[in-house]
Amino acid sequence: MWSYLRRRFVAGFFVTVPLALSLAALVWIFGVADALTSPLVERVFGQRVPGLGIAATAAGILLVGFFAANVVGRRLLQRGEHYLMLVPLFRSIYAPVKQLVWAFNPQNDSGFKRVVLVEEPQRGMVLGFLTRELTVPDDAGRPEAWVAVYVPTNHLYLGDVLLYRRARVRFPDLSVEDGVRIFLTGGMALPEAIVATPRDDAAQ
């Protein structure tokens, strides 16, 4: 009986804890977003309106997006960012965070484009993210298709940038989000079977 209850408790624990942590993280994020604009909302409406701070924050982000899409606004933001980057502590935090966030931006030409697999004799099958396609001249001087692959190590924002001939690269049926999940879980999120595009097809 005790063994049965222990197994059920362990099963419930590993279902409840991730759910509770995720909900707690969402509550914290919404709480922070709500607290950012709550004083302004209270000043306008004369009382605290739960959730209205989040809506105001979302509206503010949307306005920044419109401002950043404008030529003049983009230049002003770049100028402000330039001055902020002169602050050493701010630069050391802001630069890697921005690079990581922008890697998932679909409008970023230098972001994570696809998940790739590359077979290496010393390391086995390497999983990484395609970040750039480029050409490198071969021995005869003819341009040859290569790719830049980012392989995270301990964290997503730490890793190695490796260059491979495009013909060596395979493209598995995994989205960028799937690849991030795989790295964050130490490989536990890998599917039971992966279908990868053959090298010859990938080189076309």
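Residues numbered from 1 in each chain as written. Predicted model: local features only at pLDDT ≥ 70, side-chain atom pairs only at ≥ 80, totals over all residues. Heavy atoms only, no water.

Engineer: Give me the lowdown on the pattern of salt bridges, citing residues and values where you can.
Structural biologist: For the structure shown, the criterion picks out four salt bridges. A salt bridge links Arg166 to Glu133; its shortest N-O distance comes to 3.2 Å. Of this pair, Arg166 sits in the loop between strand S4 (159-165) and strand S5 (169-172) while Glu133 sits in strand S2 (residues 124-137), and the two are 33 residues apart along the sequence. Note on Arg166: relative accessible area 13%, which makes it buried. Under the relative-accessibility criterion, Glu133 is labelled partly exposed at 46%. Its salt-bridge partner being Arg165, residue Glu144 comes within 2.9 Å of it at the nearest N-O pair. Of the two residues, Glu144 is situated in strand S3 (residues 143-152) and Arg165 in strand S4; the sequence distance between them amounts to 21 residues. (Salt bridge = Lys/Arg side-chain N within 4 Å of Asp/Glu carboxyl O. Helix = DSSP H or I, 4+ residues; strand = E, 2+ residues; numbered from the N terminus. Buried < 20%, exposed > 50% of the residue type's maximum accessible area, 1.4 Å probe, protein only.)

Engineer: Before we move on, could you go through a nonpolar patch on the surface and cite the residues and values that matter?
Structural biologist: A cluster of nonpolar side chains, contributed by Val64, Phe67, Val71, Val72, Leu76 and Leu77, occupies part of the molecular surface with about 530 Å² of accessible area. Element by element, the count of residues in the nonpolar patch is highest for helix H3 (residues 71-84), at four residues. As for its placement among the helices and strands, Leu77 is situated in helix H3. Classification of Leu77 as partly exposed rests on a relative accessible area of 38%. (Patch = residues over 30% accessible without salt bridge, like charges linked within 9 Å, V, L, I, M, F, W, Y side chains within 5 Å. Areas by Shrake-Rupley, 256 points an atom, 1.4 Å probe, with all protein chains shown as cover.)

Engineer: If you had to explain the environment of Tyr164 to someone new, which residues and values would you point to?
Structural biologist: Tracing the chain through its elements places Tyr164 in strand S4. Spatially, the C-alpha atom of Tyr164 lies 8.9 Å from that of Ala145, the residues being 19 residues apart in sequence. In terms of polar contacts, Tyr164 uses its side chain to reach the side chain of Glu120, at 2.2 Å. (Polar contact = N/O pair within 3.5 Å; in protein donor to acceptor, adjacent residues only side chain to side chain.)

Engineer: Kindly report on the sheet that holds strand S1 (residues 114-120), identifying the contributing residues and their values.
Structural biologist: Note: strands within a sheet are paired through backbone hydrogen bonds, in either parallel or antiparallel orientation. Overall, antiparallel pairing links the six strands, which are arranged S4-S3-S2-S1-S5-S6 in an open sheet. In this open sheet, the two edge strands, each paired with only one partner strand, are S4 and strand S6 (196-197). Strand direction decides the pairing type here: S2 and S3, joined by eight bridges, are antiparallel. Note that in S3 the partner of Thr135 across the bridge is Ala145. Of the strands in this sheet, S1, S2 and S3 are in contact with helix H5 (residues 176-184), which crosses S2 at around 130°. (Pairing = 2+ DSSP bridges. Contact = heavy atoms within 4.5 Å. Axes fitted to C-alpha atoms, helices over the stretch in contact; angles between N-to-C directions.)

Engineer: Can you break down H5 residue by residue, with the values?
Structural biologist: For H5, the complete set of buried residues consists of Val176, Gly179, Val180 and Ile182. Down the axis of H5, the buried side of the element spans an arc of 160°, and every buried residue falls inside it. Buried residues along H5 sit in contact with S1 and S2. Downstream of H5 by one or two residues, Gly186 has phi in the positive range, about 65°. (Arc of directions from axis to C-beta.)

The analysis is restricted to geometry; functional conclusions fall outside its scope.
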